[in-house]
Structures are given as C-alpha cells and as structure tokens.
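The lines below spell out each chain.
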2 protein chains.
Amino acid sequence: MSARENRQVRLTARPRGIPQAEHFSLMTEPVAGPGKGEILVENRYLSVDPAQRGWANDEGNYSAPVPLDTPMRALAVGEIIESNVPELRAGEFVYGWFGWQRYCVATPDAVLRRVVPSALPLSANLSVLGMNGLTAYLAFHGLGDPKPGEHVLVSTAAGSVGSFVGQLARIAGCRAVGLTSSADKMAQAKARYGYQDMINYREAGDLGAAIRAACPDGNDIFFDNTGGAIADAAIRTMRLRGRIIQCGTAANASWTPVPTGPRPEREILTRRLRWSGFIIFDHLAEFDAAAARLAELALAGQIVHDEEVLPGLEHAPSAIARLYRGENQGKLIIAVD
Amino acid sequence: MSARENRQVRLTARPRGIPQAEHFSLMTEPVAGPGKGEILVENRYLSVDPAQRGWANDEGNYSAPVPLDTPMRALAVGEIIESNVPELRAGEFVYGWFGWQRYCVATPDAVLRRVVPSALPLSANLSVLGMNGLTAYLAFHGLGDPKPGEHVLVSTAAGSVGSFVGQLARIAGCRAVGLTSSADKMAQAKARYGYQDMINYREAGDLGAAIRAACPDGNDIFFDNTGGAIADAAIRTMRLRGRIIQCGTAANASWTPVPTGPRPEREILTRRLRWSGFIIFDHLAEFDAAAARLAELALAGQIVHDEEVLPGLEHAPSAIARLYRGENQGKLIIAVD
C-alpha cells in the first residue's frame, strides 16, 4: 500500500484563555499503519467545541491538557479504512476521539459510537447525533425529569446544546423560554428551536424581572450552561421541587480565585430544589439509545439542526476563536477535504 | 361533663430574631368541646424546635407566622379524650399540631401520625419518632442514597437531627464525620451518635484543611443543617457524584439582603454533584413507615436518643432561647404536668 500523508492541526503553543490561530500549526507526517488491536480511521468531519478551550489550556480541569506538538484533541466522524480489531470492520463509519487530522490510528476505546447508516448526512453525527444532541437529550431527560405542562428555562438557548434543549422541551410538552445575547438569535430560537419566548440577557437590565415577566408562573427546570448572574436570577424563579441542570459554567472565565455570588442554599432548601451537574462522558453507555431516538426525531422532522461546515483543515486553527466570538451559524464543523 | 381549664402559652409580642420569655404569656381559658368533625386532645408532651423561631417571626418564610395572642404553634403528643371523628377514637394517642397548651380542639388534618403503642416512652414520639428522627431518616435515605463504605459529613452533628444522621450512617455501613462547636459535643457525638471522627469548626482555623484531614478520601454525602462557610468548605471535599442534602441554613441569621459566598456551580458541574433541599412536611405520607423502622432500631438499641424534659408549661416561654443558646442536653421537651 502506498504511503499516506497525514495532515494534522497540532497545538504548538499553550494559550491562556481562548485558543487563537497562532496556537496551532498545520503539519504533515506519513501515516503509520494500524498496529495490533488498532484501527486506521480516515476522518471526514471534525468537531469544533467550546470545551476545546479547556483542553488546550493547562489550568486544572476535568480532563488532562492536550500535550504540545500533538494533534488538537477533537471529536470526529470518519471511515475505518484498515482494522486489526475483529469487532470493527473496514468500511464502517465511527464517531470518536480522532483529533484534528485526516488520518487517525486509534484503539477501540477512542470509538464512542458506531454510525448507524441513515438518510441523515454524515456530519449530523457531530451535531444532533453528537455531543451536543446527546448532552441535551441525556441531561434534559436524565436529570430534568420533564413532565408535560412544565416550564423550562435555558441559558445559551441558541447555542449548540440549547438549540436542542428547546426542541426536546417542546416535544416533551413543556413550555420553553430561553436566554441569548442578540435579536437575531432570539428570532432564530423562536422560529427553529422550540422556544415560546426569548430574553436578551445583555439588554434585560434587571434579569430577575425579565425572567419573571417571560415566566410568570416560574420554572420547573433550569438548564444552565452559564452559571454566574444568569443562574443567580434563574434560581430565584424556580418553582417548588424544581430541577437545575448544571451543564456548563461559561459565565465565569476564571475560577482562580473562586468568584463570589449570592448564596443559593436558602433557595435550595425552601424551594426543595435539586441541582445536579452533568458531564456527557459519564454517559457513554447511553449513547447508542439516545442517538437512535434523536435520529428518529430528526428524520421525522421533529427536531432540526443547523450546521456551519468550513471546507478544509486550514480553517481549524481559527475556528475555536470564531466560536467564542459567536460568529458561527449553527454547530461549527470542519470538512476534511 | 365538668368544665376543663385550658392552660396555654400564647405568643403575645412579635419577636425580631430569637423568641424570648417576654414574647409569651401564660393564659387560661375554658375548653370548648370538640365540634362536628373535631377531636379534643389532652397534650402530654410539647416539642421545642428551632423552627419555632421562624414561625414566631413575621419575616418571609415557608409557613405563615403564628398570629399574636394565640397558642404558640408546636408539635405535641397527647391523648384523644373526646372524638367526633369516626376514624379517631378516644383513648388513642396522636402526634400532631396541637400547640403549646394542655388541651387542643383539632381537626383530623392536625394529626400527623397515630402513636403505635410500644415499649418506648411516649416522649420518644417527639424525638426519635418525631420530626428530628423522621427528618434524619427520610432526608438521609431519600436524598442521600447511602451505600456501604461511603463517607458522610454532617454539620451540627450533635444536634437534634445530626445526632440521628450519624447513627443512621453507621447502620448503613458508612463512615460518618461530624462538625460541632465544643469538646463536650464532640465527645458525645463520638460516644453516642455513631461518628467516627469530629471537627470543632470554631477552633479548626482553615475549615477546608480540617475537613480534608478528617476525611482524606473526600465525602460522598454531606448532610447540611447550616449552609454558610461550613457548606463552602464541605462542597470542595465532595467526591464525584456526591450528594448534598440541604436540611437547614442555620449559619445565616438573615437572608435580607442575600449574603454572598464562593460560587458553587463549578463544583456542582465538575464533581457531578446533586444538591437537594429537604423539608419534612413534604413527606407526611412516609411518616408511618419511617417511624416504624426508627422504633424497631430504637427498641433494638441500635439507635439512641437523648431528651431533656422540662417539667411544666411554665418552662415553655424561655425554652426556644435556651435551645438557641445550646444549653439543652438532647431534644428539648416540655411535660405538660
């Protein structure tokens, strides 16, 4: 077999804060064949995720930082082109930890899910069937315990996870209200993502009053991707026995030193709340079932997904910064060629 | 039937903060017979509880304030001496909302539980079989989900609820460590309440370091009656998927304005915590089963309960202040005569 050239986007400088184009380099190296117990995957689509910021930094986090001069850690979907693993056949498509590169030699534990062929585009495995859709589905249903008629508040409602939470809430018979930061996103969330009302938290002034105006009966579920002042206000609008799902803490850029805020323990007690943390990688065993349900909903047109696909690996280095500037139109994906 | 005289301890002045003797008056009035659908209870023992502070004040709380010039709201155990309710017979003992008075005309919804006759003293229905034992049992098992070998941290461990939580943790096969405020209470909690180690939070200095020293493997369950600085430190010692039970917020005397503290949302997310509020009155339907199990444990000597019984209604007016000064030796109870 002729030698393959592997194009990689490597992390070559350690960012502080949001990774920028200058922290990455495009490199080429020959592809080694898969060894014993390994597969060779040819990536088709690469994911760009907010979590990559944490992976690129070396602050304390819940995963080890990406070593310098290695391909940027990323989820991807690709085709197995050689396999030394009996359970994984060449020609199968898989979703997993294959990094920002064209080819990846991987062991089976890097595979998160086999792609079930369907009429959905392959890139959907990085959006509605990927971490975003899976997070929305498993967190909302697993920790939110939604019941028809309940009221749901979502922070970053037009974002990659929030855009699915609104739709899942509508499908569950709930009334969903979202928070976002622009009139465009408000309109998009109401038109496409299942939200009955939206709040622009940047222009709301008194955030608590704005939430109470949009949610006069209070909220049974708060799906929170931000923490901070939005969470402070939201927790005070919860109904008795409300559930708060902490899925991210984007509002605070740094946790050293720990920022302060109004104490929540009295709200938790008197409203009998249940406030839970959710990290998708605890839920690997539930991925296949959740993806099957999401595929069914997507194929039936009950759930929509927006993707912005950038053509070519050379767009990867600046993609995380683009995401944090909020310029992407839907889930940001890199097409490998 | 000859007229009965009812001695009552009425709330006659509205306290700000802890109710003192001068906020109450001993009054006497003739007892009216029970009307249609009512019972007449002769109280034997009256409960003294920290929650009475909130009931006597008219600040916002989760129950309406006691009206002035009426008997102080209290739990009590007594005998039904006349009944116009088919399901409740004269001669039965009942536990419920009968107030600080000798006689109480009540409707059946004031009865929380019928007393099941046993070898336990009648006063046990206000301690191990009353709100304290029931709170410890239903909160610890219902929200804590304890498993053998797990680590449990308890604030106000020598208190009326904490003294049962340590014992229930030991019975569940857990290792319990408690926080309290004096060497005497530390010794008592270790000798009698199931705690393997105790921390004096007033003398600990760096509370986080003290908890980590006593709980080097971290904590799976934090049973919290205080909130505040103890909760701030404890939450940072939680193990992955730890459970925090918010059962009280005694550390903060006032919530107007809302006090601030270090933000918890990052801890909730990265440790995948579950932080729940518990109020016993949500769990009325579980009282009989929980009391039956607690009686079984108490009769078998697996759970001990300490009571301080003050002889006579005239001790009631100063009893709440005594409780808040920490002078009571076990659950504080008033014997009616």
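Small disclaimer: the values here were computed from a predicted structure and weren't measured.

What counts, and where the lines are drawn
- Residues numbered from 1 in each chain as written.
- Chains lettered and ligands numbered in written order.
- Predicted model: local features only at pLDDT ≥ 70, side-chain atom pairs only at ≥ 80, totals over all residues.
- Heavy atoms only, no water.
- Contact = heavy atoms within 4.5 Å.
- Buried area = accessible area lost by both parts, 1.4 Å probe.
- Salt bridge = Lys/Arg side-chain N within 4 Å of Asp/Glu carboxyl O.
- Helix = DSSP H or I, 4+ residues; strand = E, 2+ residues; numbered from the N terminus.
- Nonpolar A, V, L, I, M, F, W, Y, C, P; charged D, E, K, R; others polar.
- Pairing = 2+ DSSP bridges.
- Buried < 20%, exposed > 50% of the residue type's maximum accessible area, 1.4 Å probe, protein only.
- Least-squares fit on C-alpha atoms with pLDDT ≥ 70 in both.
- Domains from an automatic or database assignment.
- Polar contact = N/O pair within 3.5 Å; in protein donor to acceptor, adjacent residues only side chain to side chain.
- Axes fitted to C-alpha atoms, helices over the stretch in contact; angles between N-to-C directions.

A word on the interface of chain A and chain B. If you look at the interface, chain A gives 35 residues, while chain B gives 35 residues. For the pairing of chain A and chain B, the buried interface totals around 3100 Å² over both sides, and the portion due to carbon and sulfur atoms is 60%. Of all residues in chain A, R263, R266 and L269 of chain A bury the most surface against chain B, accounting for 24% of the area lost on that side. Here chain A is connected to chain B by six salt bridges. Residue R272 of chain B pairs with D282 of chain A through a salt bridge whose shortest N-O separation is 2.8 Å. Those elements giving two or more residues to the side of chain A that touches chain B turn out to be α6 (228-235), β13 (238-246), β14 (260-262), α7 (265-270) and β15 (274-277) of chain A. Here the side of chain A that touches chain B takes five residues from α7 of chain A, the largest share from any one element. Residues belonging to the side of chain A that touches chain B are distributed by class as follows: 14 nonpolar, twelve polar and nine charged.

On to the sheet that holds strand β4 (residues 70-71) of chain B. Residues and elements named next belong to chain B. Judged by pairing direction, the sheet is antiparallel, and its three strands sit side by side in the order β2-β1-β4 without closing on themselves. If you trace the sheet from one side to the other, it starts and ends with β2 (24-30) and β4, each paired once. In terms of strand pairing, strand β1 (residues 5-11) meets β4 through two bridges, oriented antiparallel. When the sheet's bridge partners are listed, R10 is paired in β4 with P71.

Before going further, it helps to spend a moment on the pattern of salt bridges. All told, the structure shown has 50 salt bridges over all chains when counted by the stated rule. With a closest N to O distance of 3.9 Å, D58 of chain A and R14 of chain A form a salt bridge. In this pair, D58 of chain A sits in the loop between α1 (51-56) and β4 (70-71) while R14 of chain A sits in the loop between β1 (5-11) and β2 (24-30), placing the two residues 44 residues apart along the sequence. Given a relative accessible area of 27%, R14 of chain A falls into the partly exposed group. The salt bridge partner of D232 of chain B is R263 of chain A, with a shortest N-O separation of 2.6 Å.

It is worth spelling out helix α2 (residues 131-144) of chain A at this point. Residue and element names in this part refer to chain A. Within α2, eleven of the 14 residues are buried, which leaves it mostly tucked inside the rest of the structure. Along α2, the residues that are buried comprise M131, N132, G133, L134, T135, A136, Y137, L138, A139, F140 and G144. Backbone geometry just downstream of α2 places D145 in the positive-phi region, at approximately 50 degrees.

Before going further, it helps to examine unusual backbone geometry. All names here are of chain A. In this chain, T256 is followed by P257 through a cis amide linkage whose omega measures -5 degrees. You can see P257 is positioned in the loop between β13 and β14. If you check the backbone angles, D145 has positive phi at about 50 degrees while not being a glycine. On the secondary structure map, D145 appears in the loop between α2 and β9 (151-154). Its relative accessible area of 39% is what places D145 among the partly exposed residues.

Residue and element names in this part refer to chain B. The buried fraction of strand β3 (residues 39-47) amounts to seven of the nine residues, a majority that puts the element mostly inside the structure. Sheet analysis places β3 next to strand β5 (residues 76-83), joined by seven bridges and oriented antiparallel. Paired with L46 across the bridge in β5 is A76. Both β3 and strand β7 (residues 103-106) contribute to a ladder of four bridges, which runs antiparallel. Residue V41 lies in a different strand from β7, and its bridge partner there is C104. Where β3 meets strand β17 (residues 331-335), three bridges bridge the pair, whose relative direction is antiparallel. Within β17, the position partnered with S47 by the bridge is I333.

Both copies of the chain are related by one operation, a rotation about an axis with a shift along it. Mapping chain A onto chain B is achieved by rotating through 180 degrees and translating by 0.0 Å along the same axis, at an RMSD of 0.1 Å. On the angle and the small slide along the axis, the relation comes out as a two-fold axis. Judged by C-alpha distance, W275 of chain A is the residue of chain A that lies nearest the rotation axis, at 2.5 Å. Of all interface residues in chain A, 100% are interface residues in chain B too; the two copies therefore contact each other through one and the same surface.

Time to look at the domain arrangement of chain A. You'll often see interface size given as the accessible area lost when the parts meet. All names here are of chain A. Looking at chain A, the domain boundaries give domain 1 (5-127 + 306-335) and domain 2 (131-281). Between the C-alpha centres of domain 1 and domain 2 the distance comes to 29 Å. The interface of domain 1 with domain 2 comprises twelve residues on the first partner and eleven residues on the second. Summed over both sides, the interface of domain 1 with domain 2 buries roughly 980 Å², with 51% coming from carbon and sulfur. Summed over the shared surface of domain 1 and domain 2, the number is one salt bridge. At the junction of domain 1 with domain 2, the criterion picks out four residue pairs in polar contact (both at pLDDT 80 or more). When grouped by side-chain class, the residues that make up the side of domain 1 that touches domain 2 number six nonpolar, two polar and four charged.

This next bit is on the environment of E265 of chain B. Mapped onto the elements, E265 of chain B comes out in helix α7 (residues 265-270). Given the relative accessible area of 2%, E265 of chain B is considered buried. Between the C-alpha atoms of E265 of chain B and R102 of chain B, which are 163 residues apart in sequence, the distance is 49 Å. With residues up to four places along the chain from it excluded, the contact list for E265 of chain B reads G227, G228, Q246, T249, N252, W255 and W275 of chain A.

Further remarks concern the side chain of N6 of chain B. Residue and element names in this part refer to chain B. As for its position among the elements, N6 is in strand β1. Within the local environment of N6, its side chain forms a polar contact with the side chain of Q101, the two groups lying 3.2 Å apart. A polar side-chain atom of N6 sits 2.8 Å from the main-chain amide nitrogen of Y103. The contact partners of N6, leaving out residues within four places of it in the chain, are M27, T28, E29, V31, Q101, R102 and Y103.

This next bit is on the sheet that holds β15 of chain A. Spatially, the twelve strands line up as an open sheet ordered β11(A)-β10(A)-β9(A)-β12(A)-β13(A)-β15(A)-β15(B)-β13(B)-β12(B)-β9(B)-β10(B)-β11(B), and their pairing is mixed. One side of each edge strand has no neighbouring strand; the edge strands of this open sheet are β11 (197-200) of chain A together with β11 (197-200) of chain B. In this sheet, neighbouring strand axes are inclined to one another by 15 degrees on average, regardless of whether the strands run parallel or antiparallel. Pairing between β15 of chain A and strand β15 (residues 274-277) of chain B: three bridges, direction antiparallel. If you follow S276 of chain A over to β15 of chain B, its bridge partner there is R274 of chain B. Running over the sheet, helix α3 (residues 162-171) of chain A touches β9, β10 (175-180) and β12 (219-224) of chain A and is turned about 175 degrees from β9 of chain A. In the packing of helix α5 (residues 207-214) of chain B onto the sheet, contacts are made with β9 (151-154), β10 (175-180), β11 and β12 (219-224) of chain B, and the angle to β11 of chain B comes to roughly 170 degrees.

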